[in-house]
Amino acid sequence: MKVHCRRVTSNRIAWCLEEVGVEGKTNDLAQRYPPGDLAIWIFILAELAVFAAFFAAYAFTRMDNVELFDTYQQSLDRRAALINTLALITSSYFVVRAVAAVREGSNHGCVRWLLAALGMGLLFLVVKGNEYAHHFGEGVTLSTNTFYMFYLSLTFFHFMHVILGMIILAAVAVKAQRGGYSAADHTGVETGASYWHMVDLVWLILFPLVYVMR
Amino acid sequence: MNRQRTWIRPCTLVYLAMLGLTLVTFGIGEAGLSGLEISLAVLAVALIKGQMVGDYFMGLKGLRGPWRWVIFLWLFVPGALIATAFSLTA
């Protein structure tokens with residue numbers, strides 16, 4: 001029997017193996033591979049590697065500029081960062097509930113949770129945008145000093161990932177609205193969810209490193 | 001079928017724990033606490049929250065094999081580098 005697998009996912013591999021009659025492998029594969037499309041996980045690992053390098057560069061550059069970093073860290077709006085952290089954690093939780101809903105066969109529930117997650121993402125963008133407006137209004141640029149160079153580049157790089165994550169979640173929500181997923185086939189939802197959790201994960205390290213630790 | 005329902009989902013408990021840990025981190029910042037021990041404690045809290053995301057939100061907790069440890073390794077490597085850099089300046 002000829003089996004075509006266009007996308008590599010744990011679900012699809014398991015389905016292919018079932019089709020060709022390889023018994024007992026489905027559960028084993030489901031326990032070996034993460035949820036969603038494997039391709040997104042390769043992308044996630046690449047993104048995480050870049051952020052890890054960024055974090056290490058920040059910490060080691062700070063070694064030679066401790067006073068400068070500690071002084072200008074005080075100019076940041078920690079309350080805004082708290083709101084953004086709570087917004088991203090909450091949005092990640094909503095995405096978990098969206099995946100749970102579609103696994104129970106509810107496209108409608110999935111859409112509702114995804115819209116809530118998008119709302120939290122939008123809140124993040126508004127709060128972060130206000131922070132940028134404040135800093136730019138004070139004449140802060142990438143070349144103001146080393147701390148602001150790291151602060152602006154790190155947070156803006158993450159900001160762009162939030163936007164990309166929201167686009168992905170919106171696309172998933174549109175497909176779910178059209179009934180495009182089911183309890184048996186919802187790899188797209190898991191793929192989008194995995195990316196969004198990565199965006200949240202990065203911020204969970206960025207927030208204490210840039211706003212709190214000194 | 002008689003389905004047994006738990007009063008709260010595990011992911012909800014994790015979510016609430018993460019909110020609490022975030023408020024602890026914020027409180028440390030607002031109190032103006034500084035120093036190596038404080039920084040390492042704040043970093044440890046962040047790494048714990050990161051592992052929670054990997055385990056319970058990304059769904060890696062139940063996996064076997066290398067994917068189970070992907071997020072742990074990602075947290076461990078930059079975490080160790082950040083801790084080293086802060087320790088050297090203390």
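Residues numbered from 1 in each chain as written. Chains lettered and ligands numbered in written order. Predicted model: local features only at pLDDT ≥ 70, side-chain atom pairs only at ≥ 80, totals over all residues.

K.L.:
Break down the overall build of chain B for me, citing the residues and quoting the values.
P.N.:
Secondary structure summary: chain B contains 3 helices and 0 strands in total. Reading the secondary structure of chain B in the N-to-C direction produces α-α-α. Against the globule reference of 12 Å for 90 residues, chain B gives a C-alpha radius of gyration of 17 Å, more extended than a compact globule. Expressed as lengths along the three principal axes of its C-alpha atoms, the size of chain B is roughly 60 × 35 × 15 Å. Expressed as a percentage of contacts within chain B between residues at least 6 apart in sequence, the contacts between residues at least 24 apart total 57%. (Helix = DSSP H or I, 4+ residues; strand = E, 2+ residues; numbered from the N terminus. Rg over C-alpha atoms; globule rule 2.2 N^0.38 Å. Contact = placed C-beta atoms within 7 Å.)

K.L.:
Before we move on, can you summarise the overall build of chain A with the specific residues and values?
P.N.:
Counting its secondary structure elements, chain A contains 8 helices and 0 strands. For chain A, buried positions account for 42% of its 214 residues. The long-range share in chain A, meaning contacts at least 24 apart out of those at least 6 apart in sequence, stands at 73%. (Buried ≥ 20, exposed ≤ 12 C-beta atoms within 10 Å, placed from the backbone.)

K.L.:
Pulling in residues and values, what's your account of the interface of chain A and chain B?
P.N.:
Taken together, the contact pairs 35 residues of chain A with 37 residues of chain B. Contributing elements (two or more residues each) for the side of chain A that touches chain B: α2 (26-32), α3 (38-63), α5 (78-103) and α8 (187-212) of chain A. Among the elements that make up the side of chain A that touches chain B, the one with the highest residue count is α8(A) (10 residues). Tallied by class, the residues present in the side of chain A that touches chain B amount to 25 nonpolar, 5 polar and 5 charged. (Nonpolar A, V, L, I, M, F, W, Y, C, P; charged D, E, K, R; others polar.)

K.L.:
For the environment of A:T90, give the residues involved together with the corresponding values.
P.N.:
With respect to the helices and strands, A:T90 occurs in helix α5. On a C-alpha basis, the gap between A:T90 and A:F156 in space is 21 Å, while along the polypeptide they are 66 residues apart.

K.L.:
How would you sum up the packing of α5(A) against helix α1 (residues 10-30) of chain B? Please name residues and give values.
P.N.:
Axis separation between α5(A) and α1(B) bottoms out at 10 Å; the angle between their running directions is 170°. It follows from the interaxial angle that α5(A) and α1(B) lie roughly antiparallel. Within the contact between the two elements, α5(A) uses A:R78, A:L82, A:T85, A:L86, A:I89, A:Y93 and A:V96 and α1(B) uses B:C11, B:Y15, B:M18, B:L19, B:T22, B:F26, B:G29 and B:E30. (Axes fitted to C-alpha atoms, helices over the stretch in contact; angles between N-to-C directions. Parallel < 35°, antiparallel > 145°, perpendicular 65-115°, else oblique.)

K.L.:
Summarise the nonpolar core; cite the residues concerned and give the values.
P.N.:
Residues A:A98, A:C110 and A:L114 are the most contacted members of the largest nonpolar core, which totals 80 residues. Among the elements of the structure, α3, α5, α6 (107-137), α7 (146-177) and α8 of chain A together with α1, α2 (36-57) and α3 (70-89) of chain B are those that each provide at least two residues to this core. Considering every element that reaches this core, the biggest residue donor is α8(A), with 16 residues. (Core = buried A, V, L, I, M, F, W, Y, C linked by C-beta atoms within 7 Å.)

K.L.:
Could you give an account of α3(A), naming the residues involved and the relevant values?
P.N.:
Relative to the 38 Å expected for 26 residues at 1.5 Å per residue, α3(A) spans 38 Å between its end C-alpha atoms, a close match to the ideal helical length. Listing the buried residues of α3(A) in full gives A:I40, A:W41, A:I44, A:L48, A:F51, A:A52, A:F54, A:F55, A:Y58, A:A59 and A:R62. Where α3(A) is buried, its residues meet α4 (66-73), α7 and α8 of chain A together with α3 of chain B. (Expected span 1.5 Å × (residues − 1).)

K.L.:
So what's going on with α2(B)? Which residues, and what values?
P.N.:
End to end, α2(B) covers 30 Å across 22 residues, agreeing with the expected 32 Å (1.5 Å per residue, within 8%). Taken as a whole, α2(B) has its buried residues at B:S39, B:V42, B:L43, B:A46, B:L47, B:K49, B:G50, B:M52, B:V53, B:G54, B:Y56 and B:F57. In this structure, the buried residues of α2(B) make contact with α5 and α8 of chain A together with α1 and α3 of chain B.

K.L.:
Let's hear about the confidence of the model for chain B: which residues, and what values?
P.N.:
A residue-level look at chain B finds 93% of positions with pLDDT of 70 or above and a mean pLDDT of 93. Both confidence scores are given for the complex: pTM 0.89, ipTM 0.93. (pLDDT = per-residue confidence, 0-100.)

K.L.:
Give a description of the environment of A:A173 that names residues and reports values.
P.N.:
Residues and elements named next belong to chain A. Within the fold, A173 resides in helix α7. A residue is classified by how many C-beta atoms lie within 10 Å of it, and A173, with 22 of them, is buried. Contacts of A173, omitting those with residues within four sequence positions, involve V111, L114 and L115.

K.L.:
Requested: an account of the packing of α6(A) against α7(A), with residues and values cited.
P.N.:
Residues and elements named next belong to chain A. Packing of α6 against α7 brings their axes to within 9 Å, and their N-to-C directions diverge by 160°. In terms of orientation, α6 and α7 fall into the roughly antiparallel class. In this structure, α6 meets α7 at a crossing whose hand is left-handed. For the pair α6 and α7, the contacting residues are N107, C110, V111, L114, L115, A117, L118, G121, F124, L125 and K128 in the first and T155, F159, V162, G165, M166, L169, A170, V172, A173, A176 and Q177 in the second. Looking at the contact of α6 with α7, its residues break down into 16 nonpolar, 5 polar and 1 charged. (Left-handed = near helix turned anticlockwise from the far one by under 90°.)

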